[in-house]
Every structure is written in C-alpha cells, then in structure tokens.
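Geometric and topological summary
Take a look at the letters that make up each chain.
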Protein chains: 6
Amino acid sequence: MTGPYDTILITGAAGRLGTELRQGLAPLANRLRLTDRVEIADLRPNEEAAILDLVDAEAVMEVTKGIDAIVHFGGAPLEKPWAEILDSTIRGSYNVYEGARKNGVGRMVYASSVHAIGYHPLDAQIDTEAPVRPDSLYGVSKCFVEALSRLYWDKFGIETACLRIFSSFPEPADRRMLWSWLSHDDCCRLVTAALTAPFVGHTISFGLSDNRVKPVDNTKAGHLGYVPQDSADPYRAGVEARTDPPDPDAPATRFLGGWFVDLGHPDDAGAE
Amino acid sequence: MTGPYDTILITGAAGRLGTELRQGLAPLANRLRLTDRVEIADLRPNEEAAILDLVDAEAVMEVTKGIDAIVHFGGAPLEKPWAEILDSTIRGSYNVYEGARKNGVGRMVYASSVHAIGYHPLDAQIDTEAPVRPDSLYGVSKCFVEALSRLYWDKFGIETACLRIFSSFPEPADRRMLWSWLSHDDCCRLVTAALTAPFVGHTISFGLSDNRVKPVDNTKAGHLGYVPQDSADPYRAGVEARTDPPDPDAPATRFLGGWFVDLGHPDDAGAE
Amino acid sequence: MTGPYDTILITGAAGRLGTELRQGLAPLANRLRLTDRVEIADLRPNEEAAILDLVDAEAVMEVTKGIDAIVHFGGAPLEKPWAEILDSTIRGSYNVYEGARKNGVGRMVYASSVHAIGYHPLDAQIDTEAPVRPDSLYGVSKCFVEALSRLYWDKFGIETACLRIFSSFPEPADRRMLWSWLSHDDCCRLVTAALTAPFVGHTISFGLSDNRVKPVDNTKAGHLGYVPQDSADPYRAGVEARTDPPDPDAPATRFLGGWFVDLGHPDDAGAE
Amino acid sequence: MTGPYDTILITGAAGRLGTELRQGLAPLANRLRLTDRVEIADLRPNEEAAILDLVDAEAVMEVTKGIDAIVHFGGAPLEKPWAEILDSTIRGSYNVYEGARKNGVGRMVYASSVHAIGYHPLDAQIDTEAPVRPDSLYGVSKCFVEALSRLYWDKFGIETACLRIFSSFPEPADRRMLWSWLSHDDCCRLVTAALTAPFVGHTISFGLSDNRVKPVDNTKAGHLGYVPQDSADPYRAGVEARTDPPDPDAPATRFLGGWFVDLGHPDDAGAE
Amino acid sequence: MTGPYDTILITGAAGRLGTELRQGLAPLANRLRLTDRVEIADLRPNEEAAILDLVDAEAVMEVTKGIDAIVHFGGAPLEKPWAEILDSTIRGSYNVYEGARKNGVGRMVYASSVHAIGYHPLDAQIDTEAPVRPDSLYGVSKCFVEALSRLYWDKFGIETACLRIFSSFPEPADRRMLWSWLSHDDCCRLVTAALTAPFVGHTISFGLSDNRVKPVDNTKAGHLGYVPQDSADPYRAGVEARTDPPDPDAPATRFLGGWFVDLGHPDDAGAE
Amino acid sequence: MTGPYDTILITGAAGRLGTELRQGLAPLANRLRLTDRVEIADLRPNEEAAILDLVDAEAVMEVTKGIDAIVHFGGAPLEKPWAEILDSTIRGSYNVYEGARKNGVGRMVYASSVHAIGYHPLDAQIDTEAPVRPDSLYGVSKCFVEALSRLYWDKFGIETACLRIFSSFPEPADRRMLWSWLSHDDCCRLVTAALTAPFVGHTISFGLSDNRVKPVDNTKAGHLGYVPQDSADPYRAGVEARTDPPDPDAPATRFLGGWFVDLGHPDDAGAE
C-alpha cells in the first residue's frame, strides 16, 4: 500500500529530523529520495540517496528531477556564521526552489522555524500572520525562504507549507520545551498533514505538540489538518526537578525565541 | 419527557435534512409541525404535516400560528434558475419571517449555506464576520435571508441562528467532503444547540463536523454551544481510494464553495 | 473632449440623484443612455432615454446593449412595501446584472445605502467590511444587490462599486444630515471616481461628504480615489437653529440608519 | 513533596474560593500564609493565618514580608456600597501591591471578575483585549486593580495574572451558570496554572470551566496553560428542570454580567 | 447668542486648562458654573464660582444641581502620592458622577490622559480600543474614571467623552511635545466637539493637535467631530535648537507616556 | 545652519533617487558621504565619495566608519538575475548592516519597495503589517533586508525605517503611477522624516505621494511624520490621453506590484 506520491525528496535527510521523516513519510510515497551533505546510513529498499551540497545548483537541479514533492529540511540547523547561513540556507534553498520550478514539482514542505518570529513575546499570542521578528541570522534566513516560497506560489503555482518548528527533540530537554516541544511523532504528523492537505497554496503553520502551555495561535493553519497527539506535560515533573525556574524578566523567558535572543552575533569572535 | 418547546415548525421537512431533523428534534418539543411542497411520509404521533408552497403567503401565515420556534430548511436545495430561487428562497423566506413576526415566534434556525461565502479560499480561514462572497444565485439567496433575519432581530426582536451548512450527507462522498462534511447527527446537534442556546440574538455559525482539516474558524459562534462529535476522517482512506487527488490550482480546490464556483449561470441554456 | 466611456447607462435617471448624475457624468462619456419608469425631462443632445420598468427583463436586456458602464440608481428610493421592494430593487437589479452579463458591460456603479448597515451605532466606527445590519426592507434589498454584484465579480468578472449613500440632498435638512450628508456635487464626484478608478473589482464605499462629524471609516475604499469637497458644517448653525437637539438615548440618534430604525414594518397597515 | 514556591500568601482566605484554594494550592508551596478579616478555621500544619483588614496598609506591609507569590482573592465579593468597594478593593488592593513591591514579591494572581466586562454581550465573543465594560461598582473596582497591576508589571516588573472569574460555585445554580460556571476544581487549576506558567508578565484570562456554551474567547491567555476539566453540562437537565427559560430580550440574558446589569446603584436606598 | 446648553459645570476651573475652557466654552452655554479648590479669579458675568474640594460628596451633590453638562477637569494634575490621587481623582470623580446621576446631567466630558496608555510604544500606533497601560498612579486613576464613566453610560445612560489629553501647554516645551502637543485652542475645540457631537455614548478620544508626527490613531473617535487646527511644527526649529536629541533606546523616547515612565513610585521618599 | 547629523552615508548615491537625495538631505548633515559602484558626478563641498561595490565587506566596513546615519539606497534597482540580486542586495545589505553594527551607526533608512508586497491586490487595502507577498526576486531580496533590519533593531538596537517605495520618478509615466507615484520631492521628504523622527525603532512605511487613488493604508507609520505634498493628479489628463485604459481583469491592474507580476523568472533565457 502506497501513499499519494510516487517520489518524495527529503533534503537534510541525514539530520535528526530528516532521519525521523524517512520513517514517518514512508507510507506516503513509493520512493523516498534522500539528500544531504553527509552520508546517509542504513538505506531502506524504498529509499535512494544522493550526497550533495544544496549550494551546488547543478546537483540540485539534477536531484529534483522526477520528484512529486519536496520536504526541504536541509540548511544550517541553528545559528551559524553568515557565510554558512548564506550558502546552506539562502543559496541552497534558492537552488531547491529552482529545481522544483524547472522540474515541475507541485508541493513543498519547508522546515521554517520559531526563530523567524523569535522576538515576539509569549503574551502577544501571535498568529501566523504576524510580521516576522527573527532572533538570529538563522531566523532571518528562514524569513528569506518563507518570502521566496510565497513568490513561487503566487507567480509559479508551487505550493509550500512553511512549518515554523519550535523545538523538535526526542523529549523536552529544558523548561522552555515544556511549551515549545514538538515531538518527533508530531513532527512527522505535521509534515504528513502538509503533504496530504487538499489545498496548501502558501500556508504558514506553527510546529508544536499539544502542550498545555500554548505560546501562539495556530488557528489560521487549520486547513492543513494537523492534529498533534503528544504533549510535554508528562515530562514536566522531571524537567522541573532538574532545572531552575526561569527568570520572568529575562528576554529568554519572555520571547518565543528563547535563548536565541541572548546569542550575540555569530560573526563575532567566539560567538556562540 | 419533552423538550423546551411546545410546537416547532420544520420547513422543508420532506427533504433529506428535514427528514433527519424530524427524528433529531423530537426530544425538544411536544409537537413537530412539518411542511413541504411534497407529501411527507410516515408521520409519527408527535408530528403534524401541512403540504404547501412557501411562496404562498397566506398558507405560510396560517401554518406559523401557534408555533414557538421555526427550523427553516425549506427553499431551493442547490443552484437553480433565478425564477425558482426567487420564489422558493427569497419570497418563501420572507413569508416565513412575516409569519414568525405576526404570530409571535421567538426563535428561528435557518439553513444557510457555505455557498453564501463560497468564494473565500480555505487559506483565508475566515470567521463568521467575513463579508459574504456567494458562489451562485443559491448563495446570493442565502445572503438575502441572512440579511433579512438580521433585520428581524434588530427591529422586531426575533432571534435567528443562521447555520452555514457545508456538506451534510450520510457520509463523505468526495475529497472535498473530507473537510466540508457535516454528519447528519452533527447537523441535528447543531440545530439542537441553536434551539437551546441561552441567547442567540442573530448568530451566524458554520455547520461542520469535527473533521481534521478545518477550512474556517467558528469561534465567534461559541455561545451556541455546538460541539460536533463526528469526523470525516474514518472515511478518508475509502474516499481517497476511489477518487482522484484535487488539482491545487483549480478554483474548486481553493475556494470554500467547491464545485459551485465552476458552475455557469443557471439561466443559461444547459447550465449546471 | 470626451471621457473614458462611449455610452453609460443611468438607471433611475428621472430621480433626484439621477438628474444630478446626468449633468455630473456628462464629461465621462460620448453618450448617456437614461432609463426610468417615468418620463425624463429636457433631454440633452448627448442623452437618449428609454422609459421602462426594471422588472421587465426583456426591456432591460434590450436597453443594456451597447453599453460600457451602468450607473444603477434605479429601484425603490426608500422603505416601501415588500411587493414593491421585491419588484423594483430585487427583481429589477437582477435584470440589470443579467443585462450587463449578457451584453458584456464591464463596470457597474450601484446606489447602495447606509440602510444596508443602519443598525450599526456611530460609536462602532465600522468600516466597509463590517457585517450588514439592515434597518428596513429597503436596506435588506440593498444587501441583496451587494451580494449579487459580488457574485457577478467573482464569477463573471463584472466590476461593481457599491456606494452606500448616506443622505444625498441639496443641503442638510436635519441634525442627522450634519454627519450623514452627501452633497449632490460629492455624489457626482463619488460616482465619477468609481467609473474612473484603475481597479474596482468589487468595492464597497461609504458615500459621505467631508463633514466634520464622521460616523464611519471609509479607508478601505481608498483605491476608488474619491475625495469629497463639500461639508455640512457651513449649514450647521442654520440647521441647529430650526431643529431640536437629538435625544442621545433614542435609537434614531445612536444608529447610522437614523429614523429608519424607528419605522415599523412597511406591510403593516399605516406603516411608514 | 513541595511546589515551586516557599511561601504563598492568600488574601480573602476565609472566603468560599479562598477556602478551596487553601487545599488546591497546598502542593505548590511549603507554606501558605492566609489572611482575611474574619477568623480562618481549621488551620493545617502548612498554613499560618493573619487576621487583618486589607485597608490597613501597615498590616498588609507586614504580612507580605517573606512572600514569594500572592494569590489576591480578598476584597468585596460582589456589588456593595461605594464606601465598602473603595476600602476593601481599591484601597486594599493598592496596599497589597505596595506590599508586593516593597517586599520583593515576584508574581501575583488576582481574582478579577466577569463583572469588569459584564456589559459586553455574549454574541460579541470578546477576547481578553476588549475594552472594559463594567456592570457595577464592583466591576469598576476590578478594572482599577487590573490597571494598577498592569502598572506594577510595566514599571516595577511584578507579574500578575488577572483571572476574570465568571461564576465559581460548587455547582451551577441557575441557567446562566450553564455557560458561566467555573468549578472549584477548575478554579484551583486556573490559579495553579497562573502560579506555574513560565511567563506571565501581565496577563488577563477568563475563568471558565469547559462548558459547552462558550461566551468568550480565551485564546490570548494560552501561555498560562490552563486546561479546564469540568463542565456544567452534566448539571444541565437538573438546572433546566427547576428554572424558567431565559427571556432572550432581557439584558440579563444578553450580557455577560447577567443579573448584575439589572442591579440599581448600590448607594441608593434599598438597592440590591 | 448662546450655545446648546443652559448651564455647564467646569471642575478644576482654576487650573491652566480650566482657565482656557472658561473662555473657550462660553459660546456653548448661557452660564458657566466653575468649581475648584482654590479661588477662581476674574469672574465674568456669565460665570458663577463655587470653591470646594471634589472629595466633599455633599458639596459636589449640591454644585451639580441644575447642570446640563459637566466638563470634569478637576483632580490631581500629574503624578502625586497615592493619598492625593485617591482623594482628588478617584473619590472626587465618583462624587462628580453621583452628582450627575442624581441631578440628571446628561453629558460629561472628562479630562483623561495619555498616561492611561503611557506604556504603549509609538510604533504600536494604538487606537482608542487598545487595552490600558498606565504609566503612573495618575494614569491608573484615569483608567478608573474611564471605567466608572463607562458604567454610568451602560447602566445609567449618562454620556461621557473621555479625552486622553497628551500635552496641553501654551506651546511645545520639549522634543516630545513636537508629537504630543495639544494647543490650548485645540483643547477647547476638542471639548466643544465633545459637547456638541450628536451622539457620544461612551467615547474615548485622543487629545492631540494636528502635529506632523502622529503617535496614535484617533479614527474611532470620528463621530465627535474634532478637527484640530494647530500644529507643533512651526515650533520645531526652536525646540530642536534648545534641546538635545532624544535617545532612541530610552523608554521615555519609545513610550507614549514620555518621562512619566521614568518616574519612580510617588510614595517613595523623594519620588518625582 | 546644519541638520541633526554630522555625517550621513548614502549608498547607491549615483542612482536616480540617490542623486535626488544628495540635494534633499543636504540640510540634515554637515557632510554627506556617498558611495556607489560607479563614479558620482559633480561632488559638492559638503560631499565626499567612495566608489565601491557593497558586496565588498571590507570596503563597506571602512566606509561606514564615522557615520551617524545610513540612507541605504544601494542594490539592484529592479528585477535582475539571482546572482546579481544575491550579491548586490542580499550580501551587500548584510555588509552595510554589519558596518553599522560594528561602527556604532544608530539609524538606518532603507529603500525597500512595493515589490515586497506586490502580490497584494489594491482592494485588500493592506497596511504595513500585512504579510509579505513579493512579486519578484527583487521583492524577495527586499523582504530579506526588512527581516535583517528587524533583527538589528531587536537584538542590536539599530533603528531602521524601511520605506516601501512605489514608483519614484520625475513624473507619472503610466496609468499605474497615477496611484503609485512618489515624487522626487516627496521621496526626499519621506527620507527626511525617517531621519528626524523622534523614534523609529523598526518601522515600515509605504512611500507614496498624496495621489487621489490610494492603494494602501499607511496609518501605522504615522510616527515618522511624513506628510506628502505632491500628487499625480495634475498629470492625469496627460497620462490618460497617451495611454490605454487598464484591463481590470489583468493581474498587473489588480495587484500592487503592477507589471512586475507579469515578469517571468529572471534566470530564464530572455526573461524581462
């Protein structure tokens, strides 16, 4: 039994979330094409791999041939020096979208991030139409891809769901994740919803599990059909036992971006 | 054991939804008065029937006597030539509201439709205060009754809940119904909520089951107390197996009204 | 020197505002075709007249041939019995839009009314996207045409500017008109703006002069390019001298519709 | 096992809700300090009591020493003459906030009330940012404390969650409580959420159980992490059997404040 | 020639703005009754004075007899110790509103202040429905009167225009006043508008001249009919020549309240 | 007599708008430093020039030393191949912001563009908080700089006014410019306002003259204090005489971006 797609491309497939998606998305396609800069371990029969750097336009053009949908999780995984952000996320994503356009890919799912709106405070309870307020160069590069993908929908008819993932880890690792956690299973559910929704156009969705503390309002992404089934709350007691309470006056407590707002500039000596 | 009303009038009682309501609303009243243009089968002891055309003002005035609430589901059931829309929905509904006004009926429940706002896209995630954007003459006539009923509340103190029913069928029949379905049971729940809510005034509510994909935001109708209990999702696999995927660029995929936006004008030769 | 149109049709051309428009719109077209139920006096060389009732579908179809734009000011001019509202505004306007559709008219200007939103209070400061709240059957029929024209834009590509005219009279006649007045010249300016705007699509605009007291917010109609140049304020002292102050608790003071909210139902004996 | 606080002060601890909170908040602190004007019965080992009037600034300053959080439920419990409102809520709350400021208390939870916004109608479906519309002097005094606590956050960095409690009783006692009920357990859950939320700043939350009929929209308080678990609906049949249906035209039916909107002025002879 | 009122009461008539209003409002009434705690100089024939403290309920009840409208500018004129704020603004204003209620005064104009919303930043461009964010006890007391007056409209039908005056001085005295200035003449125009508007209900309006830099959006007060005619800009060169540029990072630059946000607590030793 | 700044840097100073700014901003600073890739003609005594490419990080770091404010008008002036957009706008602007950060520049004025929001239709009447909808790679790069500058305010305290310039030309050259025109003088007024506003933080403003047809709502930028003084309307007759009327169904008529929405992809052979 196969899903609605013949071949889905996953970029960043060797990363932590990419690895989860290889399993989670298997039911949706006959074949998963995987790409990353590093080797991808333990290929399954339904998988094929291509090792390449997204900054390599020709390689990306080649790898996006014969693809029905792209789950674009490649790029710098957190705050990095500008040169790396520029190449891996900005230039790399441009190449991916050009590959999609020239090769006729219809739907994209992009791993955007809370860090595109990290300087909004929790008590603003923003929805997905709030202006961007990135908290890092990493976040700025996510804003770039969100804008780029908007163009590719409005002008070229390529759908994209931009998923602003908060904290997707095996389990909540600190107090912030009690409200920012996206379980790996819910991450797969969210990408699955984005791939199977009847209409995506250009949609921005927050990526969060059903945690009790809700920092944002995801109502406007209701047509994706994402229903989280996990929650950070069973982990609460453990997390609180081994971590200190947050300082309510600290920016890292108040803003969605958490400790990213405390980072200096990545190009400064010794930053991060 | 009886409900809060002595006699409820159901118009369009011989229709598909009318038939469901006869059973669903029985607990709410001592007596259901039923009306339709065609014969109503299998009357139960708590039911009385009157066969009439709503365009007949005198008959409507007569049948609305001694009534406590009207569940107004009569009128053209989908896109029809103008002459029919005019008579059955516009003139007919005026007659019903005049009957309510002159006979002292306090609360109305009206079967409005998604087609009153069918030209809004899913990704707009409209709420019930969005401007109307009808997708058909049928939809325009629903807008008319919504406006008429607003007047009858503001000026004459008659409450109306306008229920913008999406797709109320025994089960989801196509891909669109995976997000537009209102189960028959949920339809009865919604009408029941509208009849028993502590305050209705003039309220517009969307009529949808608890489907995973949510095309609109019904928050502003929270005071009706409608809680859907069904979902299209158990039918998803079956529907997807026997239907083609939607074209994301097609207006019928993008807009709430679905295939209604593709209909030509009903008065043109061979329209619909 | 001629305006941008060859032939403009004005319905209701024998009415008070129709008469003003004959002069005001003359610069915009080579020819004005005029229609009304009654004879139109003093035809000018650039004018041609057709006496007909808008409820006569064939006559309307005929008169809308060879027309580039329609300024639709025909229909019941204020609260009337339902039968008259139905024929002159609802059925008549449907005929006009069908004429436009079949004869390829591209742009319509419709004389809607404050009475489509007459039950909103002044202190709500509504904009043009607020839900309708008609104050009369007259207002309900305006809502009908607004919805109908929305359909004809979304489905058939015919542009309409719906102008919610407040009180267009030679000069302010009572206290309410100190904030609801639309001078005859500003009325012509507004229709001219609607006819010459670069893009109308379906736009709703309030129709008010630049009175000091502003009951609504017309910002969302900015693309029509209407700039009022008259004001009721020079008439204030005179009006206040000969009229009583309003009662702040009276609905007619509080609501946009003014004395229309105090009207009973027009079909009741002795109504209005 | 202790909660995140060493000592929590509860004002109004002898009141109905105060009594519930003594039990409900016990897990959150090593010690509960209780204060009220009247004696507090049955002190538990983790409790210490101080009998005082909040209008006594010195006593309040003393009792707020060594406190980590204050749950401020003291003050007039419903509509009262101005002199009492002034002393118990306005002057008393000022004293409490000054105690918090001078003694370094970081977080406050305030028992505000639906009566701060009691003149909004149900069908407005307001959220927590709607302008205040108090329905009583009691409600005005709640607005005062909400404003005062906003200042203490913005200027002095003291967090407050203002909980607009609707009707917190052992069970729903009348028809209105079918939508306004906050169970005692949910009340404790709400206060617990406010005390343990990662960031409060200044947050206003409605206080309601998960009743089927929802009169307001609490989305903007999502970061408190309050999830109600009770509902008035199991009590519905009983309540409806022993009470009359509401009159939809009565202000007490239409407005959030219920019967408070029918109260005269408390300083008039025989008021209330 | 007289205005629309027989007798208007001005509280705080000996203050700077009160003195301006004595002249500015003279055309609106046959008689101005003036009250203040201190002697009022140079009474004109149309004026009568009463020296009293607004905290004296009996005196206020007496002085509000035979009054048609009250322009309530009395109370603490800026940040003061709590005891003074409490007596002069909170208790005093309650007395004024009770006088209005018992003596049948129909319309009030209240001198509220920017300091009721002083913690909103300029770039938020708030409108008059934004939640209050007072910057001082002075501001909190203004919020109290705004809430109190809302109650007196909703429950007792007494209209109030709350005018949030920014900086009303003879001319702009510092850089902030280049955007916060309300000229004395415009102040009189604003109060005049509030006294003569056809419908006030409960309306909040910002009080600003037509300065080039606009810190807030006053659209929702359009029905007052206030049109400022002065501007701070002619004073710009002079002010900039004799003052230092603002520090963009300073709260006093960023927030509407200006230097009030830098004030400590007035009850602390040496505050202000 | 000099303005508030010692030295202002203008990037893109040899461009059409840069040339205008050299004259328009002269009164604001003792010295204008000018930079461009090409030679800058006719240097005045208050000017100094540096020929460099903004993609050259070291050169930019050098030229931003000793600067008080930067008017950043450099970068690709319209749709260009990706490689050029990447270098001149994305990499170049990053260099400029890094120069500002490391050299302590406090305020930036950035030439953003209507093309950052070009896919919004006129009848949406968006304000400056609407989500971006770029119509070209050029527009995407403007979105990037807007996001980047937001970060530099939130994290590094550098103010930026992003001016979304519509069509700044000597005079309106086509029908679209009748609503999109920003006169050269108004362009200088807008930049001057951004440089002299008391508080900018991060502000987005539309850049338009006071044309009669208004496609967007600039209210939220009111604190910049920009008051346009020119209008396209005196040019209307001439423009209309020599150009064809727009097609209302054409995207270039309907969307803010005009003919940019009709451009293909710049990297395709023969694009543009």
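Residues numbered from 1 in each chain as written. Chains lettered and ligands numbered in written order. Predicted model: local features only at pLDDT ≥ 70, side-chain atom pairs only at ≥ 80, totals over all residues. Heavy atoms only, no water.

Digging into the environment of G257(A)
Residues and elements named next belong to chain A. Stated precisely, the cut-off is as follows: Helix and strand definitions follow DSSP, with helices as H or I runs of at least four residues and strands as E runs of at least two, each counted in order from the N terminus. Residue contacts follow a heavy-atom distance rule, with two residues in contact if any of their heavy atoms lie within 4.5 Å.
Topologically, G257 is positioned in the segment after α8 (251-254). Between the C-alpha atoms of G257 and S180, which are 77 residues apart in sequence, the distance is 9.5 Å. Ignoring sequence-local partners within four residues, the contact set of G257 consists of H115, G118, D135 and R176.

Observations concerning helix α6 (residues 184-196) of chain E
Formally: Here the expected span of a helix is defined as 1.5 Å times the quantity of residues minus one.
Between its terminal C-alpha atoms α6(E) stretches 18 Å, which fits the 18 Å expected from 13 residues at 1.5 Å a residue. Tucked into the core, α6(E) has its buried residues touching β1 (5-11), α1 (16-24), β4 (69-72), β5 (107-113), β6 (159-165) and β7 (202-207) of chain E.

Regarding the relation of the copies chain F and chain A
So the rule is basically this: Copy-to-copy superposition: least squares on the C-alpha atoms, limited to residues that have pLDDT of at least 70 in both copies.
Of the transformation placing chain F onto chain A, the axial shift is 0.0 Å and the rotation is 180°, giving an RMSD of 0.0 Å. The two molecules are tied by a two-fold rotation axis, judged by turn and shift. If distances are taken from each C-alpha of chain F to the rotation axis, the shortest is found for F144(F), at 2.6 Å. Taken together, the interface assignments show that 100% of the residues at the interface of chain F recur at the interface of chain A, consistent with an identical surface on both copies.

Side note on the confidence of the model for chain A
Rules: The quantity known as pLDDT measures the predictor's confidence residue by residue, on a range of 0 to 100.
Confidence in the prediction of chain A, expressed as mean pLDDT, is 95, and 97% of residues score 70 or more. Here the complex is predicted with pTM 0.96, and the ipTM for its interfaces comes to 0.96.

Points about the packing of aromatic side chains
Quick reminder of the rule: For Phe, Tyr and Trp, rings pair up if their centres lie within 6.5 Å, where Trp contributes its six-membered ring, and each pair is then called stacked (planes under 30 degrees apart), edge-to-face (over 60) or tilted (otherwise). Three labels apply to residues, based on accessible area from a 1.4 Å probe with only protein chains included: buried if under 20% of the type maximum, exposed if over 50%, partly exposed otherwise in between.
Evaluation of the coordinates by the stated rule reveals 63 aromatic pairs over all chains. Ring centres 5.9 Å apart and planes at 40° place the aromatic pair W82(A) and F144(F) in the tilted group. With W82(A) in helix α3 (residues 82-103) and F144(F) in helix α4 (residues 137-154), this pair bridges two chains. Residue classification places W82(A) among the buried residues on the basis of a relative accessible area of 8%. Between Y152(F) and F156(F), the ring centres sit 5.0 Å apart and the planes meet at 55°, which makes this aromatic pair tilted. Y152(F) sits in the buried class, given a relative accessible area of 0%.

Quick notes on the pairing of strand β5 (residues 107-113) of chain C
All names here are of chain C. In plain terms, the rule: Pairing between strands is defined by DSSP: at least two bridges between the two strands are required. A clockwise path from the first strand over the helix to the second, with the strands pointing away from the viewer, defines a right-handed crossover.
Counting buried residues along β5, 7 of its 7 residues qualify, which places the element largely inside the surrounding structure. Of the two faces of β5, the one carrying R107, V109, A111 and S113 and the one carrying M108, Y110 and S112 are both buried. In terms of strand pairing, strand β4 (residues 69-72) meets β5 through 4 bridges, oriented parallel. Within β5, the position partnered with V71 by the bridge is V109. Viewed along the sheet, the connection from β4 through helix α3 (residues 82-103) into β5 turns out right-handed. Inspection of the sheet shows β5 paired to strand β6 (residues 159-165) by 7 bridges, in the parallel sense. Bridging from a neighbouring strand, S113 pairs with I165 of β6. Of the crossover connections in this fold, the one passing from β5 over helix α4 (residues 137-154) to the parallel β6 is right-handed.

Notes on the UniProt feature "domain: NAD-dependent epimerase/dehydratase" (unreviewed entry) in chain A
Just so we agree on the cut-off: UniProt positions are given in the numbering used here, feature names are shortened, and annotations may be inferred rather than shown by experiment.
Residues annotated by UniProt as "domain: NAD-dependent epimerase/dehydratase" (unreviewed entry) correspond here to residues 8-169 of chain A. Helix makes up 35% of residues 8-169 of chain A and strand 22%. Its end C-alpha atoms lie 23 Å apart.

Section: the interface of chain F and chain A
This is how it is decided: Buried area is a sum: the accessible area each of two parts loses on coming together, probed at 1.4 Å, counted once for each and added. One speaks of a salt bridge when a side-chain nitrogen belonging to Lys or Arg is within 4 Å of a carboxyl oxygen belonging to Asp or Glu. A 3.5 Å cut-off defines polar contacts: any pair of N or O atoms within that distance qualifies, except that in protein one atom must be a possible hydrogen donor and the other a possible acceptor, and neighbouring residues in sequence count only when both atoms are side-chain atoms.
The interface is formed by 35 residues belonging to chain F together with 35 residues belonging to chain A. Considering only the side of chain F, the residues that lose the most area to chain A are W82(F), Y94(F) and K155(F), jointly responsible for 20% of the buried surface there. Between chain F and chain A we count 4 salt bridges in total. Residue R133(A) is joined to D154(F) by a salt bridge in which the shortest nitrogen-to-oxygen separation is 2.6 Å. Summed over the shared surface of chain F and chain A, the result is 20 residue pairs in polar contact (both at pLDDT 80 or more). Contributing elements (two or more residues each) for the side of chain F that touches chain A: α3 (82-103) and α4 of chain F.

So, the relation of the copies chain B and chain C
When chain B is fitted to chain C, the best match, at an RMSD of 0.0 Å, comes from turning it 180° and sliding it 0.0 Å along the axis. A shared binding surface is used by both copies, with 100% of the interface residues of chain B retained as interface residues in chain C.

Side note on the sheet that holds strand β2 (residues 29-36) of chain C
Residues and elements named next belong to chain C. Convention followed: The angle between two axes is taken between their N-to-C directions and runs from 0 to 180 degrees, where each axis is a line fitted to C-alpha atoms and a helix contributes only its stretch in contact.
Read from one edge of the open sheet, 7 strands run β3-β2-β1-β4-β5-β6-β7, paired in parallel fashion. Both outer strands of the open sheet, β3 (47-51) and β7 (202-207), are each paired with one neighbouring strand and no more. With strand direction ignored, the average angle separating the axes of adjacent strands in the sheet is 20°. Pairing geometry for β6 and β7, over 6 bridges, is parallel. From the neighbouring strand, C162 faces β7, where its bridge partner is I204. Against the sheet, helix α6 (residues 184-196) makes contact with β1 (5-11), β4, β5, β6 and β7, and its axis sits at roughly 145° relative to β5, the strand it touches most.

Details of unusual backbone geometry
For Q125(A), which is not glycine, the phi dihedral falls at a positive 45°. For Q125(A), the location among the structural elements is in the loop between β5 (107-113) and α4 (137-154).

Remarks on the sheet that holds strand β3 (residues 47-51) of chain B
Residue and element names in this part refer to chain B. Across the sheet, 7 strands lie side by side as β3-β2-β1-β4-β5-β6-β7; this open sheet has parallel pairing. With partners counted over all chains shown, the strands left at the sheet margins are β3 and β7 (202-207), one partner each. Averaged over all neighbouring strand pairs, the angle between strand axes comes to 20°, with direction disregarded.

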